[in-house]
Amino acid sequence: MLDASKRSLSAVCGCASGSFAVTAVSRRAMLACGTSVLAAAAGGFAAKSFAQSAPRRIDVHHHLASPSWLQTMKLIGVDNPLIVNWSVQKSLNDMEAGGVATAILSGNVPQVRPLAKEAATRIARESNEYAKQLAMDYPGRFGVFAMLPLPYIDESLREIAYALDTLKADGIGVLTNYGDKWLGYSYFEPIWDELNRRKATVHTHPADANCCVNLVQGIPQTAVEWGADTTRTIASLIFSGTSQKCRDKGVDAIFDAADRNLVNRENALHILPRLNST
Ligand SMILES: [Zn+2]
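Residues numbered from 1 in each chain as written. Predicted model: local features only at pLDDT ≥ 70, side-chain atom pairs only at ≥ 80, totals over all residues.

Focus: the overall build of the protein
Right, on to step 1. Within the protein, the secondary structure is distributed over 13 helices and seven strands.
Right, on to step 2. Considering the protein as a whole, with its 278 residues, one finds that 46% of them fall into the buried category.
Right, on to step 3. Taking the intrachain contacts of the protein between residues at least 6 apart in sequence as the baseline, contacts between residues at least 24 apart amount to 77%. (Helix = DSSP H or I, 4+ residues; strand = E, 2+ residues; numbered from the N terminus. Buried ≥ 20, exposed ≤ 12 C-beta atoms within 10 Å, placed from the backbone. Contact = placed C-beta atoms within 7 Å.)

Here's the deal with unusual backbone geometry
Right, on to step 1. Note that the residue after Val-109, namely Pro-110, is joined by a cis bond; omega there is 5°.
Right, on to step 2. The topology assignment puts Pro-110 in the loop between strand E3 (100–107) and helix H7 (117–137).
Right, on to step 3. A positive phi is found at Gln-111, a non-glycine position, where the angle reads about 50°.
Right, on to step 4. Examined against the element boundaries, Gln-111 turns out to sit in the loop between E3 and H7.
Right, on to step 5. The buried category is assigned to Gln-111, around which 26 C-beta atoms lie within 10 Å.
Right, on to step 6. Positive phi outside glycine occurs at Lys-168, with the angle close to 55°.
Right, on to step 7. Structurally, Lys-168 can be placed in the loop between helix H8 (153–166) and strand E5 (171–175).
Right, on to step 8. In this structure Lys-168 comes out as partly exposed when scored by C-beta crowding, with 13 C-beta atoms within 10 Å.

Notes on the pairing of strand E2 (residues 57–64)
Right, on to step 1. A large share of E2 lies buried, amounting to eight of its eight residues.
Right, on to step 2. Pairing geometry for E2 and E3, over six bridges, is parallel. Paired with Asp-59 across the strands is Ala-103, a residue of E3. (Pairing = 2+ DSSP bridges.)

Description of helix H6 (residues 88–98)
The α-helix winds at 3.6 residues per turn, so residues separated by three or four positions along the chain end up facing the same way.
Right, on to step 1. Taken together, the buried positions of H6 are occupied by Ser-91, Asp-94 and Met-95. For H6, the buried positions fall inside an angular range of 100° around the axis, keeping them on one side. Counted as exposed and oriented over 90 degrees from the buried face of H6: Gln-89, Lys-90, Asn-93, Glu-96 and Ala-97. (Arc of directions from axis to C-beta.)

Comments concerning the packing of H8 against helix H9 (residues 189–197)
Right, on to step 1. Orientation of H8 relative to H9, taken along the N-to-C sense of each, is 15°, at an axis distance of 9 Å. Comparing their axes, H9 and H8 come out roughly parallel. Judged by the sense of rotation from one axis to the other, the crossing of H8 with H9 is right-handed. Together, Ile-153, Ser-156, Leu-157 and Ile-160 of H8 and Pro-190, Ile-191, Glu-194 and Leu-195 of H9 make up the contact between the two elements.
Right, on to step 2. Counted by class, the contact of H8 with H9 contains six nonpolar, one polar and one charged residues. (Axes fitted to C-alpha atoms, helices over the stretch in contact; angles between N-to-C directions. Parallel < 35°, antiparallel > 145°, perpendicular 65-115°, else oblique. Left-handed = near helix turned anticlockwise from the far one by under 90°. Nonpolar A, V, L, I, M, F, W, Y, C, P; charged D, E, K, R; others polar.)

Quick word on the pairing of strand E6 (residues 201–205)
Right, on to step 1. A large share of E6 lies buried, amounting to five of its five residues.
Right, on to step 2. Neither face of E6 is left uncovered, since the one carrying Thr-201, His-203 and His-205 and the one carrying Val-202 and Thr-204 both have all their residues buried.
Right, on to step 3. Of the strand pairs in this sheet, E5 and E6 are connected by four bridges, and their pairing is parallel. Residue Leu-175 lies in a different strand from E6, and its bridge partner there is His-205.
Right, on to step 4. Crossover E5 to E6 through H9 is right-handed.
Right, on to step 5. Across four bridges, E6 lies against strand E7 (residues 252–256) in parallel orientation. (Right-handed = clockwise from strand over helix to strand, strands pointing away.)

Focus: H7
Right, on to step 1. Its 21 residues place the ends of H7 30 Å apart at the C-alpha level, agreeing with the 30 Å of an ideal helix rising 1.5 Å per residue.
Right, on to step 2. Where H7 is buried, its residues touch E2, helix H4 (67–75), E3, strand E4 (142–147) and H8. (Expected span 1.5 Å × (residues − 1).)

Here's the deal with the confidence of the model for the protein
Detailed reading of the predicted coordinates is not advisable wherever pLDDT is low.
Right, on to step 1. Here the protein averages 81 in pLDDT, while 73% of its residues score no lower than 70.
Right, on to step 2. Long-range and interchain partners of residues 1–11, a stretch whose pLDDT sits below 50, account for 31 contacts in this model, where long-range means more than four residues apart.
Right, on to step 3. Within the model, the stretch residues 20–51 combines pLDDT values under 50 with 78 contacts to residues more than four positions away or in other chains. (pLDDT = per-residue confidence, 0-100.)

Next up, the structure:
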């Protein structure tokens, strides 16, 4: 049921596929998706049903474009019309059309990944505060998955604390990769340790990886690569043992744009990590 609303809403970033949750290396977790994930992601928002007739859906893949983030993106040449033309009213209109009661706001690609440390830290903070203000201005309509100034670890740890302690964000939003690093890399271990300690909800969004831009002429990145990159980062989390570690504490992870390739590789992702550890 999630997909129906996501097809219209997630078009803002060009990816329109279901969310997929993995919190453990198990068949149950590999196939876990849908209402349990939404409930976890929604924090205090109650979702009694997803009836088509009433706006009761919770959209966990819904982007905003804060003024300072948008201005910065224009400066570096990221001026996709779908991003530039975002407005609060457009979000509300899309939610109405999709029967969405509550949308959890997250940063659009490339978030602040291309920026230097100071700018990434500042823009992430401003975007998160802007998102929180929207959540307060429209009670019950918006939640917040806070953006982190990754790949800067210390600054991201500070933003996790600010977002979850001060802003009371519903969770954290990250990309599937940071150039040449996927989420299971040891580089991100301090981030996962902190999210794990807090039992946080984590939303991941696909992004272009350094290795895989314009691989096939004429095919948009969103058509194949974003789904593939979600699979890469899920595999990275599983093979590194991160997913198992987070499962023990209770991190809920939401993966947008997981493709059928992930399901086809379920056995490999389920069995191979165990074989490799013996
Ligand atoms: Zn998106």
